[in-house]
Each structure stands twice: as structure tokens, then as C-alpha cells.
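A structural walkthrough
So the chains spell out like this:
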Amino acid sequence: MKICEDGAVAGDLLGRLASVVGERWLVRDGDGLEEYGHDATFMESAPLCAVRPASTEEVAAVVREAAAAGVPVVARGAGTSLVGGPVPLAAGIVLSLDRLTEIEIDVPNTVAVAGAGVITEALDAAAAAHGLMYPPDPASYGMSTIGGNVACNSGGMRCVKYGVTADYVIGLTVVLASGEVLRLGGKLRKRASGYRTLQLFVGSEGTLGIVTEVVVKLIPRPRFQATAMVGFRRLEEAGQAVARALAAGHFPAAIEILDRGALELVADKLPPGFEPELEAVLIVEQDGNDEEFVQLDLMKMVEVLGGADNRIAQSSNERERLWEARRSFGKVLMSMPKNFFAEDVAVPIGQIPEMIRRVQALAARTGLRIVTVGHAGDGNLHPTILFEDAQRDLISAAAAQIFRDALELGGSISAEHGLGALKRDYAELEHGALGLDVMRRLKRMLDPQGILNPHKVFPEQPADDAFLESMPGWVPEPDRRRRKAELGL
Ligand SMILES: Cc1cc2nc3c(=O)[nH]c(=O)nc-3n(C[C@H](O)[C@H](O)[C@H](O)COP(=O)(O)OP(=O)(O)OC[C@H]3O[C@@H](n4cnc5c(N)ncnc54)[C@H](O)[C@@H]3O)c2cc1C
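Residues numbered from 1 in each chain as written. Predicted model: local features only at pLDDT ≥ 70, side-chain atom pairs only at ≥ 80, totals over all residues. Heavy atoms only, no water.

1. Quick look at the site of the ligand
In the vicinity of the ligand, 36 residues are found, and the nearest of them are Ala75, Thr80, Ser140, Thr145 and Ser154. A distance of 2.9 Å is found between an oxygen atom of the ligand and a backbone nitrogen or oxygen belonging to alanine 78. Note that an oxygen atom of the ligand is positioned 2.8 Å from one of the side-chain N or O atoms of asparagine 149. When isolated, the ligand has an accessible area of 980 Å², and the protein chains bury 97% of it. Listed by contribution, the elements that provide at least two residues to the shell around the ligand are strand E3 (73-76), helix H4 (146-152), strand E10 (210-217) and helix H10 (316-335). Class assignment of the residues belonging to the shell around the ligand gives a composition of 14 nonpolar, 19 polar and 3 charged. (Near = heavy atom within 4 Å. Polar contact = N/O pair within 3.5 Å; in protein donor to acceptor, adjacent residues only side chain to side chain. Areas by Shrake-Rupley, 256 points an atom, 1.4 Å probe, with all protein chains shown as cover. Helix = DSSP H or I, 4+ residues; strand = E, 2+ residues; numbered from the N terminus. Nonpolar A, V, L, I, M, F, W, Y, C, P; charged D, E, K, R; others polar.)

Below you can see the structure in the form of C-alpha cells.
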């Protein structure tokens, strides 16, 4: 694969790309190109150029040019990935889908057809105008795109009741590495003819094809919601309460967890007088069409959850305020310098308390500040490591420990963020050699030149040293091995 080190080849390619998308939509070095070299993590890498095509046909033409030149193409939605997914590690062309923003709400068929660049919240708002709902709601849904959500099989707050992106996608238009346009599925809700090829592209992180259009199922929008914040004096009690409530047959629309560290970050958003000694809170929501039933159901669930300081929202303003505490966690994180690594493990529900205990023990042993939020109802925890520059050499091993713990408990190293670059080196721990080999064979079949989002998903170096070298300014410490051994990492 050429990376366009040859200036003449690069210049020629840029000219051809300009004739596909128009000079205005080709972003060259010096035109703000740095915007296309990073995501929401600390990773960054400069592309050769970025293109902003306006249609599937233009996307296909760009990919054909890239394939002919043997140059990498990295699809980009809004760049909110937490695993380095859209960072162009092999330079090449960043292909931004941000101009594909058409939305059609087909009410009689209760489906939506959306361009890959449609912002997730805008899609749900368009559905809401017809009394319908697009349920998957990543905490980033005000920024992320539906194309990015499909590429990562994103989850969110409502997924405990309603399922993740893969559960809603019924049609896709995908540009393959050859530049051919593949149309899969459509507006049909049921289909059992042939392989489920469509699902192969969901969660493929831009490595198998570029999604330009998505058809999703919609559901009737529940008319009422009731929300509570339930506080616990011990973090593990919160984990136990989630397992207890779900086992007792409660089916919440959302059940989110924030630990003490996370609560400190969003302290100004908590209800007045909220007990400061709490180690964790759960934000719980119930929804439905019978207002009285919804409220009653929530109150019963709060009773089962227990809790030392419980607040049940009495108005939509109070409801919004409780959610603001959870949603602002991401905003606070994004406003900090990028010295954080947001993990995304999943464990079976019954193992949540043990996973939490292990994360706490890791923080105590290493001195690292680890704050945890998560979609607890899905067993999905985001232990987020906030680190000082001097602690950089520990992050990789600490993250690896969290992955090993999750896998040991029957879990996954990624519930919803994907593997990207930051977790690719741990893929074999979860999938095994054969599982990974099958994935590699599929990749080779669909992208024989390896031009689609190279250096993602598949391991490239020993797991323990992963992503350290990608940190800007990282200087290896000579005594790293000794420190790791001392801390039992
Ligand atoms: C504050 C914050 C909160 C978050 N909360 C959640 C959460 O609750 N749940 C969750 O699941 N995620 C969450 N995320 C992660 C992130 O928002 C999701 O992974 C999201 O789906 C990425 O969408 P994007 O449009 O920003 O894609 P990008 O970040 O631009 O790209 C992500 C990956 O998808 C590929 N890609 C993008 N568009 C396409 C396309 N059209 N075709 C093919 N490949 C494509 C890229 O190459 C890359 O590999 C959060 C992120 C932040 C910053």
C-alpha cells in the first residue's frame, strides 16, 4: 500500500479527488486538515487530505481513485470515537460523511432512511415529530452520526430495554473497497433469504466498507417517563441492586451507574442536599403509555433497589436535571485535557459487583484515578482512567488488567465503543486465534489491498505495550518493568 510519500503521486491524486468532489470539498494541508486527524481520544495522525463527498456516487468515485492509487481511506462521522477509530494512522484520505444528511421518516412503514452523516439526535427528533422513536442513544448522540453508530454498533442509555444499533438496522448502502456500491436489505422488517450480510458491516468500524445510507426500524414513542436517582453508601451495593431488580422482573428503560469519582466531576448537577458521602448512584427510568402505571412501576423498582438517598423526579424539569448529571459526565471529560482513557467493558449482570470490586482494587494498588460510569442494566461499565503525565507508563498495563478481569468474568473488552486502534492488540484475548483468523479472511476477501481504515481492529503488537507509543509526548521510562512488577500488573 502506498502512503503517498511521493509528492508527484500525491499531487496527481489530489487533483483527481478535486474533480470528483469539487475543489471546495477537498481539504488540503493548511486548510484546517488537522481537524480530520484526531477523535475524542489522545490519538492523532495527519492525513494526506480529507474529502467531503455529497452522495453515494461521489463516495464510490473517491474510493475507486484510492483503490487505483493503493492509498488508505478512513471513513469519518463526527470523530467522537473513544478508541482512535477514525484516526488516519496510515495517512491517506479521510472520507468525511458529514454532507450526507438527508432524513426520510416513512410513517406507514415505521422506518427511517438516513444519510450516514445524520446526527443521531436529529434522527430521533425527526422520528419524534411523528410520535415515533429511534431508541439507541449513545451519550454522544448530540454529536455522533448514524453512520458512525452503525460502524461501531453503538449502544446507549435506552439499550437495556430497547437494544443496540444492530437491532434496528434493516437496510444499508455500502461502498466496498473496490468502489462498487452494495445495497443490502431495505424497508422490510423480516427477511430470511440468504446470509445476513448486512450485519457483517454493523460493527466493522470502517474496515470492510463505507456506509452511505442507513434504513432503521422505528417504534412507537412512549408517552410518559418517570425517573429516579438512587444513592448508595457502598459502590458494590449499587451493583448488587441492579442484578436484584432485573432478576425481580423489572424492565427499566434505563439504569445508569455513576461512582463517587464520577459524582465529584458532575457535583454541580446533583439535586440539592444530595448526601455527599454516597459511593454511587443509579439513575433509573421507566417509560410507557399509562402515566400512573409508569410512576408506580418506577416506585416499586426503587423499593427493590434499596438505596440510602433516593430522589424521584416530580416534574419534567426535575427529570431533565437528573439526566443532566449523567449526560454532563461526557461533557466534563471532553472539556479536560485528553489525559483519559475511557474503558468499555461488559460483564454478565450478576458479575457487576465483582467487576467493580476489581476496578477499585486496581485503582488502590496503582494509585491511578479511575472513575466509573456505565449502562449498568447491560452490564456495561466505563471505568475511565484519568492520568497524570508521569503515570503514562502504567496506563497500558492497567487497561490490560481491566480487559483480563472482564474476560475472566465472562465479559467483553468492548460493549459498544469498538476496538479501533486502542484495543486492537487485545482482540485475540477475546476472540481466540481461530476467531480472529476468520475475521482476517473476511477482511482480505472484501478489502484485498487493505486500504480501508488500516491498523484498526486487528492486533499488530504485543498486547501489553499497546497504544503507549501512540500517545503524543510519551517517553519510555527505563524502570517501567520494575514498577509494573511492584504493582502486580
Ligand atoms: C462523551 C462521549 C460519550 C459517548 N457515549 C457513548 C455511548 O453511550 N455509547 C456508545 O456506543 N458510544 C459512545 N461514545 C463513542 C462514540 O460516540 C460512538 O462510537 C459513535 O458511534 C461514533 O460516531 P461518530 O459519528 O463520531 O464516528 P467516528 O468517531 O467518526 O468514527 C467511528 C468509527 O466508525 C467508522 N465510521 C464512521 N462513519 C462511518 C461510515 N459512514 N461508514 C463506515 N465506517 C464509518 C470510522 O472509520 C471509525 O472507525 C461516546 C463518545 C463520547 C465522546
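So, next bit.
2. Structural notes on the sheet that holds E10
Here we have 5 strands laid out as an open sheet, ordered E5-E6-E10-E8-E9, and antiparallel in their pairing. Among the strands making up the open sheet, the edge pair consists of strand E5 (103-106) and strand E9 (181-185). Neighbour to neighbour, the strand axes of the sheet diverge by 10° on average, direction disregarded. Bridging between strand E8 (residues 169-175) and E9 involves 5 bridges; their strand directions are antiparallel. Bridge pairing links threonine 173 to arginine 183 in E9. Along the sheet face, helix H2 (residues 56-69) touches E8, E9 and E10 and points at about 45° away from the line of E8. Sheet contacts for helix H3 (residues 120-128): E5, strand E6 (111-115) and E10; angle to E5, the most-contacted strand, approximately 35°. (Pairing = 2+ DSSP bridges. Axes fitted to C-alpha atoms, helices over the stretch in contact; angles between N-to-C directions. Contact = heavy atoms within 4.5 Å.)

3. Here's the deal with the state of the cysteines
In protein chemistry, a disulfide is the covalent bond that joins the sulfur atoms of two cysteines. Summed over the entire model, instances satisfying the criterion amount to 0 disulfides. Here cysteine 159 is not cross-linked by a disulfide; its sulfur's nearest cysteine counterpart is in cysteine 152, at 13 Å. (Disulfide = S-S within 2.5 Å.)

4. Topic: the domain arrangement of the protein chain
Taken domain by domain, the protein chain consists of domain 1 (7-96), domain 2 (103-220), domain 3 (222-330) and domain 4 (336-489). Its C-alpha centre places domain 2 at a distance of 29 Å from the equivalent point of domain 3. Across the contact, 12 residues belong to domain 2 and 12 residues belong to domain 3. Surface buried jointly by domain 2 and domain 3 totals about 950 Å² across both partners, of which 57% is contributed by carbon and sulfur atoms. Of all residues in domain 2, Met157, Val160 and Lys161 give up the largest surface area on contact with domain 3, accounting jointly for 64% of the area buried on that side. Taken together, the connections running from domain 2 to domain 3 amount to 2 salt bridges. (Domains from an automatic or database assignment. Buried area = accessible area lost by both parts, 1.4 Å probe. Salt bridge = Lys/Arg side-chain N within 4 Å of Asp/Glu carboxyl O.)

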